[in-house]
Amino acid sequence: MVREIRENELQALLELYLFLHETEVPEMTDRLRETWTAVLADPNHHIIVKEADGKLVSSCVCVVIPNLTRGVLPYAFVENVVTHKDFRGKGYATECLAYAKKVAEAAGCYKMMLLTGSKEDSTLEFYRRAGYNSRDKTAFVQWL
């Protein structure tokens, strides 16, 4: 089942992020709880999850961003695409990305953007098959 995350699933999401780039589950601090509350309260912030075998096995974030150009149409940004290593190759991340596209379409977005730090051909091809291209924009990142 692909759906939006539930309030009581923060711990499971943080554990799934260990297969993204995290090295440990963060401590449950006030800052973490406040951030979680803010994310859940934001109608433009969507954490999409795939549940299989009673656990969260894949996820992505889709944020709808209001915009003053392109006819005042919003755009969507996709980030934190991850699948548990034991569940890869089953199409779960593809399902999450398809759900994100439905969210963006329902919000009237004119485009979706996604960044990846991966240079792996298989990962880049995965995003191409999901409908993304690397020809239209050039991404730059400045770490703070």
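One can find the structure itself at the top, above this paragraph.
Cut-off values and rules
- Residues numbered from 1 in each chain as written.
- Predicted model: local features only at pLDDT ≥ 70, side-chain atom pairs only at ≥ 80, totals over all residues.
- Heavy atoms only, no water.
- Core = buried A, V, L, I, M, F, W, Y, C linked by side-chain atoms within 4.5 Å.
- Buried < 20%, exposed > 50% of the residue type's maximum accessible area, 1.4 Å probe, protein only.
- Helix = DSSP H or I, 4+ residues; strand = E, 2+ residues; numbered from the N terminus.
- Contact = heavy atoms within 4.5 Å.
- Lys, Arg positive; Asp, Glu negative; His and termini not counted.
- Salt bridge = Lys/Arg side-chain N within 4 Å of Asp/Glu carboxyl O.
- Disulfide = S-S within 2.5 Å.
- Pairing = 2+ DSSP bridges.
- Axes fitted to C-alpha atoms, helices over the stretch in contact; angles between N-to-C directions.
- Polar contact = N/O pair within 3.5 Å; in protein donor to acceptor, adjacent residues only side chain to side chain.
- 1 Å grid on protein atoms, 1.4 Å probe; cavity = no way out; pocket = protein on both sides within 12 Å on 5 of 7 lines; lining within 4 Å.
- Points joined across faces, edges and corners; volume = space filled by probe spheres on them.
- Nonpolar A, V, L, I, M, F, W, Y, C, P; charged D, E, K, R; others polar.

Draft legend 1. Seen up close, the nonpolar core. Formed by 18 residues in total, the largest nonpolar core has its most connected members in Cys60, Val78, Val81, Leu97, Leu114 and Tyr127. Contributions of two or more residues to this core are made by strand E3 (55-65), strand E4 (75-83), helix H3 (92-106) and helix H4 (121-129). The element contributing the most residues to this core is H3, with six residues. Sequence-distant contacts of Cys60, that is, excluding residues within four places in its chain, are made with His46, Ile47, Ile48, Val78, Glu79, Asn80, Val81, Cys96, Leu97 and Ala100.

Draft legend 2. Highlighting the side chain of Lys111. One can find Lys111 in the loop between H3 and strand E5 (112-114). For the buried Lys111, no salt bridge exists, and the shortest N-O distance to an oppositely charged side chain is 9.0 Å, to Asp136.

Draft legend 3. Main features of the pattern of salt bridges. Applying the stated criterion across every chain yields a total of six salt bridges. The residue Arg3 makes a salt bridge to Glu9 at a minimum N-O spacing of 2.6 Å. Assessed through its relative accessible area of 8%, Arg3 is described here as buried. When the shortest N-O distance is used, the salt bridge between Arg128 and Glu125 registers 3.8 Å.

Draft legend 4. Quick peek at the state of the cysteines. Enumeration according to the criterion identifies zero disulfides in this entry. Distance from the sulfur of Cys62, which forms no disulfide, to the nearest cysteine sulfur (Cys109) is 6.7 Å.

Draft legend 5. Seen up close, the sheet that holds strand E2 (residues 45-52). Judged by pairing direction, the sheet is mixed, and its five strands sit side by side in the order E1-E2-E3-E4-E5 without closing on themselves. Every other strand in the sheet has two partners, leaving strand E1 (2-4) and E5 as the edge strands with one partner each. Neighbouring strand axes in the sheet, compared pairwise and without regard to direction, differ in orientation by 30° on average. Here E3 runs beside E4; their pairing, made up of seven bridges, is antiparallel. Bridge pairing links Ser58 to Thr83 in E4. Each of E1, E2, E3, E4 and E5 touches H3; the most contacted strand, E3, lies at about 25° to it.

Draft legend 6. Geometry of the environment of His84. With respect to the helices, strands and loops of the structure, His84 is situated in the loop between E4 and H3. Setting aside residues no more than four positions away along its own chain, His84 makes contact with Leu16, Phe19, Lys55 and Val57. Among the polar contacts made by the side chain of His84, one reaches the main-chain amide nitrogen of Asp86 at a distance of 3.0 Å.

Draft legend 7. Layout of the layout of surface pockets. Size it by volume and the largest pocket reaches roughly 1,700 Å³. What lines the largest pocket is a set of 49 residues, among which Val81, Leu114, Leu115, Thr116 and Tyr127 lie closest to the centre. Every element with two or more residues in the lining of the largest pocket is listed here: E4, H3, E5 and H4. A per-element tally of the lining of the largest pocket places H4 first, with seven residues. Counted by class, the lining of the largest pocket contains 23 nonpolar, 15 polar and 11 charged residues. The volume enclosed by the second largest pocket comes to roughly 500 Å³. When residues in the lining of the second largest pocket are grouped by element, the largest group, five residues, is from helix H2 (residues 30-41). Looking at side-chain class alone, the lining of the second largest pocket contains 11 nonpolar, five polar and two charged residues.

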